[in-house]
Each structure stands twice: as C-alpha cells, then as structure tokens.
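Architecture and fold: a report
Listed below are the residues making up each chain.
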Amino acid sequence: MFDILSRIRRTGRLSEPSPVPDTDETASTTIQRELHAVFGRALCIRHVDAGSCNGCELEIHALSNAYYNLQGAGIRFVASPRHADVLLVTGPVSVNMEDALRQTYEAMPDPKWVLAVGDCAACGGLFGANYATRGPISAIVPVDAVVAGCPPTPLAIMRGLLQITSKRPA
C-alpha cells in the first residue's frame, strides 16, 4: 500500500485539463436561452416514431444528456398527447402508423405545432411513398417546421424547436 501511495505522490496528476467550451456548446446555451425567452414556460413534446430507422431517435435522446440539457431549458417529453404543445415526428409514415399519427395529432390541444425531424419525415427520404409507407409527415398532418438531416444533429433539432416556438400565436 505504501508503494502505491509513494508512486502516486512521485507521478502527480495525470488527468487532462478541462476542455475549453467550443462553439456548439455556446450555440446550444444560446438556443436554450432563446427558447426559454420565447416560450417562457415548460414546452411539452410528444414524440411519435412513424416508422424510422431510429437514427433520429438517437439524436433526440442526446438532447436529454448533460451536454444539451433540454430539461434545463424547460423542455420535456410527455407520454400523453393531451399534455403536449409540440408533436415531434420521425420517419416516413408507415401504413400501420397512419391512424395512430392522425389520432395523436387530433388529441393534442390547440395551439399545437408539428415538427418533422429527419429527411424521411420531411420528404419520405429513401423510402418515399410505396406499398408500405405513405411518404412524408405532411401527407398525413400539417407540418409547421422541418429539421433536415439524416440524422439531424441535436443542435439542429433545438433550432427547429426554436423556429416553431417563435411562430406561436399571441
């Protein structure tokens, strides 16, 4: 035990210094402040996977980590569409999810916004409209904003939320 302690004392600290915040962290902090200033209260999001490959979902889950801190900006995901302000939809609308997406949209209280996340949600992506999919989200429910990318970055999703909330009715 004494040998280990003396070796630690001779060697000193081997950890690296803290990283300097890069532009993404600064941008995410700025977007968080703007979201809070625009909306002023908790923004509740209902997420619907309409048939995606889960690439967009991984980026959406990244929004909840400590780096992006979506909860700190007053934005949270809810299980019920009746509590949601924003419907966040990923993937092309599969035939099996068409009715569920429409019912989720209709269950949301007014005012409601729809954010299509990813290329598949925006235009059908690689899948388009075929026997298994109905194509983009806009073919089923009205879309207020689109976040392009395959998959889009968490910062792009935050910008899409800011774009929607800045359009809110007075």
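Residues numbered from 1 in each chain as written. Predicted model: local features only at pLDDT ≥ 70, side-chain atom pairs only at ≥ 80, totals over all residues. Heavy atoms only, no water.

**Regarding the overall build of the chain**
Across its full length, the chain holds six helices and seven strands. Starting at the N terminus and ending at the C terminus, the chain contains elements arranged as α-α-β-α-β-β-β-α-β-α-β-β-α. Taking all 170 residues of the chain together, the buried fraction comes to 41%. Sequence separation of at least 24 residues holds for 82% of the intrachain contacts in the chain that already meet a minimum separation of 6. (Helix = DSSP H or I, 4+ residues; strand = E, 2+ residues; numbered from the N terminus. Buried < 20%, exposed > 50% of the residue type's maximum accessible area, 1.4 Å probe, protein only. Contact = heavy atoms within 4.5 Å.)

**Points about the sheet that holds strand E5 (residues 113–117)**
Ordered by their spatial adjacency, five strands build an open sheet running E2-E1-E3-E5-E7, and the pairing between neighbours is parallel. Pairing within the sheet leaves two strands with one partner each, and these edge strands are strand E2 (75–77) and strand E7 (145–147). Along the sheet, successive strands turn relative to each other by an average axial angle of 25 degrees, direction set aside. Inspection of the sheet shows strand E1 (residues 43–49) paired to E2 by three bridges, in the parallel sense. Counterpart to Ile45 in the pairing with E2 is Phe77. In the packing of helix H3 (residues 55–62) onto the sheet, the strands contacted are E1, E2, strand E3 (86–90) and E5, and the crossing angle to E3 comes to about 140 degrees. (Pairing = 2+ DSSP bridges. Axes fitted to C-alpha atoms, helices over the stretch in contact; angles between N-to-C directions.)

**A closer look at the side chain of Lys112**
Inspection of the secondary structure puts Lys112 in the loop between helix H4 (98–107) and E5. At a separation of 3.0 Å, a polar atom in the side chain of Lys112 contacts the main-chain carbonyl oxygen of Tyr105. For Lys112, the side chain forms a polar contact with the main-chain oxygen of Met108, separated by 3.4 Å. (Polar contact = N/O pair within 3.5 Å; in protein donor to acceptor, adjacent residues only side chain to side chain.)

**Digging into the nonpolar core**
Counting residues in each nonpolar core, the largest one holds 20 residues, and the members touching the most others are Ile75, Val86, Leu88, Leu115, Ile157 and Leu161. Mapped onto this core, the elements with two or more residues apiece are E1, H3, E3, E5, E7 and helix H6 (154–165). Setting aside residues no more than four positions away along its own chain, Val86 makes contact with Leu43, Cys44, Ile45, Arg46, Met108, Trp113, Leu115, Leu161 and Ile164. Residues Val48, Val78, Val93 and Leu101 belong to the second largest nonpolar core, which totals 17 residues. (Core = buried A, V, L, I, M, F, W, Y, C linked by side-chain atoms within 4.5 Å.)

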